[in-house]
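One-letter residues, chain by chain:
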Amino acid sequence: MRRETASEAESIVGAAAMAGPVAADHRLGRRPDAAAGILRVRGPYAAMTAPRLMRLVRWSLGAPGRGFGLLPDCAARDAADEGRVAAEPYPSGDAVGIASPDGLFVHDGDGRRPLDGAAFGRRLAGAERFAALVLTGHGAEHCMALGPAAWLATDAGYGLPGAVLAPQACAVPLVFLNGCGTLRLAGSPVPRALSLAARLHAGGATVLGPMRNLRGGAALETAFVESVRAGQPAGRIATRLNRLLARAAGELPSIVVLGEPGRAVAARPSPGAGAAAPARPLAGRAMRPRSPADPPDDAQERLHAAARAAGRALRQGEGFARWAWPAAAIRAAIAALEPALHLARQALAVGDMSALAPADLALLAGRLDRARRALAAAILDDAAATITAGDWLQAAYAPVMRRRLARSLRCRGTCSAGGGGLLADYRFDDPAGLAAPVFARECDRCGSVSEWMARARPPGAAAAGAHDRTAWLDLPPLGDAVAGRVLVHRSARPRARAWPEAGGRVRFAMQDCPVAGRVTLAALAIGPDGLVARYGHLFRHPADGRFHPIETEDAA
């Protein structure tokens, strides 16, 4: 699919009639009217911070029929202020476009059927256009996968693997960006000028999407299509999607609407439209990771401690070998650790420990420590390779582990956004029992902040900063970890650097971050208690290559 220019794009104005009562104009910072139906929230873009949007999400879930939409920097008054939306017929009728990793589809009165790339592109901006569009897959604030081979992005210079379509060419009135963090607004590393949702909204679209990382996209895609074809307005569609997330284990409701919340598409209802999929309630609390006490100097106790650490490392290695591909180095390190651990356990099983000389015990402990460190290095190599190749650690362990929300908490200024957002901790359990639980911490303004094994020390976030053509990551002391590395997501060009043992600032030049757009700096450390990963997020402008700090709310 070729990249279309703004001059070739068409914009949509107007929408179908809105169903249900409409609240009076509402300004950000005021408490929503408890009796309101669909609420229009006006205010400056910089004031649309994650905590404020989460309050609106919780309000919308408080009673049936609620929904809200964000109208940033709206000075002009129009029919929407009076609770009316001008209706405009769509040439496409009720057709909904669907772009997912499985391909490109259209859903109309005849059901869902595939479309080739050329036909799908014509529908985006042509005379027979889609009335609504859902994009499911990889995404961020500045780009979204458009099926398996193309992208919808605000600039062609991000280095995305595939054809790029400009958002100005997407003349669809209702768009659901069903990917991670696509509706992060104020506080995002991505400036407003390059926000895909903001660009689509400026072109006349009403845009739905999450302000957090998102999973379970297929179920949300189905619910969106059903709701559109049932004629529901955008604000209530978002509320339905949030209810699905609230009922699903391991998810926080975070879908918001940028634009007119009363926009709806006149459609013929699909069978079963409006029915929410059954899901399990959220449950569970996070374990508090801890570090073991330093082992005593006694030779017997040192061997006991080495055997315990090796046993934990072996369990970690078996889990990582299950996640990693290929895992030859990890399996080789496991094969070297197993006989050493077997000999140590045999020695510890001897009834009279005085029969073994302290030197023999020390040799066994030393062999165990060396084998454990070799396994840790193999795991660290695999984790670093995963991240520099452009993936995330969750892509390795999440498919084989059960995920649930452990807790949510307030950010205290340790993330890239400098505080003010909300954090969520997710716990992943291995049903096969091969690996310890893994925790992932996410910020609704930054994205992934940390990942750590259950027994690893609490991670805290890494603070990322930038000025002009230099970026940096401020790190805490390495502590009792065996080794640590600092690297760039999606970039193997700079060699992984050592994590400073005493902590401090690790700098990266522009050439160290060859991929423009959202840039993630990663710091990995592994020790006796498992792996810890910390992430910091920045934005590199595709035009001049300069790093941009995260935008903050205006003082006003």
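Structural data are supplied above this passage.
We now turn to the structure provided with this report. (Residues numbered from 1 in each chain as written. Predicted model: local features only at pLDDT ≥ 70, side-chain atom pairs only at ≥ 80, totals over all residues. Heavy atoms only, no water.)

### Comments concerning the overall build of the chain
We count it as follows: Secondary structure elements are taken from DSSP: a helix is a run of H or I of four residues or more, a strand is a run of E of two residues or more, and numbering for both begins at the N terminus. Relative accessibility decides the category of a residue: with a 1.4 Å probe and only protein chains considered, values under 20% of the type maximum give buried, values over 50% give exposed, and everything between is partly exposed. Any two residues whose heavy atoms approach within 4.5 Å are treated as being in contact. Here the accessible surface of atoms and residues is derived via Shrake-Rupley with a 1.4 Å probe, and residues count as covered only by protein chains that are part of the display.
Of regular secondary structure, the chain possesses nine helices and 26 strands. Counting across all 556 residues of the chain, residues that qualify as buried make up 55%. Counted over contacts in the chain with a minimum sequence separation of 6, partners at least 24 positions apart contribute 70%. A total of about 22,400 Å² of accessible surface is found on the chain, and carbon and sulfur atoms cover 53% of it.

### Notes on helix 7 (residues 328-349)
So the rule is basically this: Take the number of residues in a helix, subtract one, and multiply by 1.5 Å to get its expected span.
With 22 residues, helix 7 should reach 32 Å at 1.5 Å per residue; the first-to-last C-alpha distance of 32 Å fits that figure. Ile330, Ala333, Ile334, Leu337, Ala340, Leu341, Ala344 and Ala347 are the residues of helix 7 that are buried. Lining the buried residues of helix 7 we find helix 6 (299-323) and helix 8 (358-388).

### A word on the environment of Asp73
With respect to the helices and strands, Asp73 occurs in the loop between strand 3 (67-72) and strand 4 (96-100). Of the residues examined, Asp73 reaches a relative accessible area of 43% and is grouped as partly exposed. Asp73 sits 27 residues away from Ala46 along the chain, and the two C-alpha atoms are 9.5 Å apart.

### As for the packing of aromatic side chains
Quick note on the threshold: Only the six-membered ring of Trp is used, alongside the rings of Phe and Tyr, when aromatic pairs are assigned; centres must lie within 6.5 Å, and planes under 30 degrees apart are stacked while those over 60 apart are edge-to-face, with the rest tilted. Comment: the charge-over-ring label is applied if NZ (Lys) or CZ (Arg) is within 6 Å of the ring centre and within 35 degrees of the ring normal.
Using the criterion set out here, one finds eight aromatic pairs in the structure. A ring pair is formed by Phe120 and Phe130, whose centres lie 5.0 Å apart and whose planes are at 50°; its orientation type is tilted. Taken as a pair, Phe120 in helix 2 (residues 117-125) and Phe130 in the loop between helix 2 and strand 7 (132-136) lie far apart in primary sequence, ten residues in all. Residue Phe120 shares its accessibility class with Phe130, and that shared class is buried. Measuring from centroid to centroid gives 5.5 Å for Trp392 and Tyr535, while their planes differ by 85°, and the two rings are edge-to-face. With Trp392 in the loop between helix 8 and helix 9 (394-397) and Tyr535 in strand 25 (residues 530-540), this residue pair connects regions lying 143 residues apart in the sequence. A residue is classified by how much of its surface remains accessible, and Trp392, at 28% relative accessible area, is partly exposed. When its relative accessible area of 1% is taken as the criterion, Tyr535 is described as buried. Connected via pairs of aromatic rings, a cluster forms that spans Phe320, Trp323, Tyr397 and Phe428. Above the plane of the ring of Phe105 lies Arg112, whose end atom (NZ or CZ) is 3.9 Å from the centre. The ring of Phe508 has Arg497 sitting right over it, with the charged end atom 4.3 Å from the ring centre.

### Structural notes on the sheet that holds strand 8 (residues 139-140)
Let me state the cut-off plainly: Each pair of strands is called paired provided DSSP finds at least two bridges between the two strands.
Spatially, four strands are ordered 8-9-10-11 in an open sheet, and the strand pairing comes out mixed. A strand with exactly one partner marks an edge of an open sheet, and here the two such strands are strand 8 and strand 11 (163-165). Relative to strand 11, strand 10 (residues 150-153) runs parallel, the two sharing three bridges. Among the inter-strand pairings, Ala150 is bridged to a residue of strand 11, identified as Ala163.

### With respect to the pattern of salt bridges
What counts, and what does not: The term salt bridge refers to a pairing of a side-chain nitrogen on Lys or Arg with a carboxyl oxygen on Asp or Glu at a separation within 4 Å.
Applying the stated rule across the entire model yields 18 salt bridges. Its salt-bridge partner being Asp430, residue Arg322 comes within 2.4 Å of it at the nearest N-O pair. In this pair, Arg322 sits in helix 6 while Asp430 sits in the loop between strand 16 (422-429) and strand 17 (438-443), placing the two residues 108 residues apart along the sequence. Two residues, Arg546 and Asp544, come together in a salt bridge whose shortest N-O distance is 3.8 Å. Using a relative accessible area of 32% as the deciding quantity, one classes Arg546 as partly exposed. Within this structure, Glu141, Arg184 and Arg518 form a network of salt bridges that share partners.

### Regarding the pairing of strand 3
The following threshold applies: By the criterion used throughout, a crossover qualifies as right-handed when its path from the first strand across the helix to the second strand runs clockwise, the strands pointing away from the viewer.
Counting buried positions over the six residues of strand 3 gives six, a clear majority of the element. Side chains of strand 3 alternate between two faces, with Gly67, Gly69 and Leu71 and Phe68, Leu70 and Pro72 buried alike. Bridge analysis of strand 2 (residues 38-43) against strand 3 gives six bridges, and the strand direction is parallel. Bridge pairing in strand 3 links Arg40 to Gly69. For the segment spanning strand 2, helix 1 (residues 50-60) and strand 3, crossover handedness is right-handed.

### Examining the packing of helix 4 (residues 217-229) against helix 5 (residues 234-247)
Quick note on the threshold: Each axis is a line fitted through C-alpha atoms, taken for helices only over the stretch in contact, and angles between the N-to-C directions span 0 to 180 degrees. Should an angle lie under 35 degrees it is considered roughly parallel, over 145 roughly antiparallel, and from 65 to 115 roughly perpendicular; all remaining angles are considered oblique. Crossings are sorted by hand: turned counterclockwise from the far helix by less than a right angle, the near helix makes the crossing left-handed, and turned clockwise it makes it right-handed. Here the nonpolar group is Ala, Val, Leu, Ile, Met, Phe, Trp, Tyr, Cys and Pro; Asp, Glu, Lys and Arg are the charged ones; every other residue, Gly included, is treated as polar.
Contact geometry of helix 4 with helix 5 gives a least axis separation of 10 Å together with a crossing angle of 150°. The orientation of helix 4 with respect to helix 5, classified from their angle, is roughly antiparallel. Judged by the sense of rotation from one axis to the other, the crossing of helix 4 with helix 5 is right-handed. In contact with Ala219, Leu220, Ala223, Phe224, Glu226, Ser227 and Val228 of helix 4, helix 5 contributes Ile237, Arg240, Leu241, Leu244 and Leu245. Of the residues belonging to the contact of helix 4 with helix 5, the class tally is nine nonpolar, one polar and two charged.

### Comments concerning the side chain of Ser491
Positionally, Ser491 belongs in the loop between strand 21 (483-488) and strand 22 (497-498). Contacts of Ser491, omitting those with residues within four sequence positions, involve Thr388, Asp512 and Pro514.

### Let's talk about the nonpolar core
Worth spelling out the cut-off: The definition of a nonpolar core used throughout is a set of buried Ala, Val, Leu, Ile, Met, Phe, Trp, Tyr and Cys residues joined through side-chain atoms within 4.5 Å.
Judged by nonpolar contacts, the single largest core of 58 residues is most densely connected at Ile330 and Leu368. In terms of residue count, helix 8 provides more of this core than any other element does, 13 residues in total. If near-sequence neighbours (up to four positions away) are discounted, Ile330 is found in contact with Gly317, Phe320, Ala321, Ala324, Leu375, Ala378, Ile379 and Asp382.

### Concerning the environment of Ala336
Structurally, Ala336 can be placed in helix 7. What makes Ala336 partly exposed here is its relative accessible area of 42%. Note: C-alpha distance between Ala336 and Arg372 (36 residues apart in sequence) is 9.0 Å.

### Digging into the sheet that holds strand 23 (residues 504-509)
Pairing is antiparallel across the open sheet formed by three strands, whose spatial order is 19-20-23. Whereas interior strands pair on both sides, the edge strands pair on one side only; in this sheet they are strand 19 (463-467) and strand 23. Averaged over neighbouring strand pairs, the angle between their axes works out to 25° when direction is ignored. As defined by bridge partners, strand 20 (residues 470-475) adjoins strand 23 across six bridges and the pair is classed as antiparallel. Paired with Leu475 across the bridge in strand 23 is Gly504.

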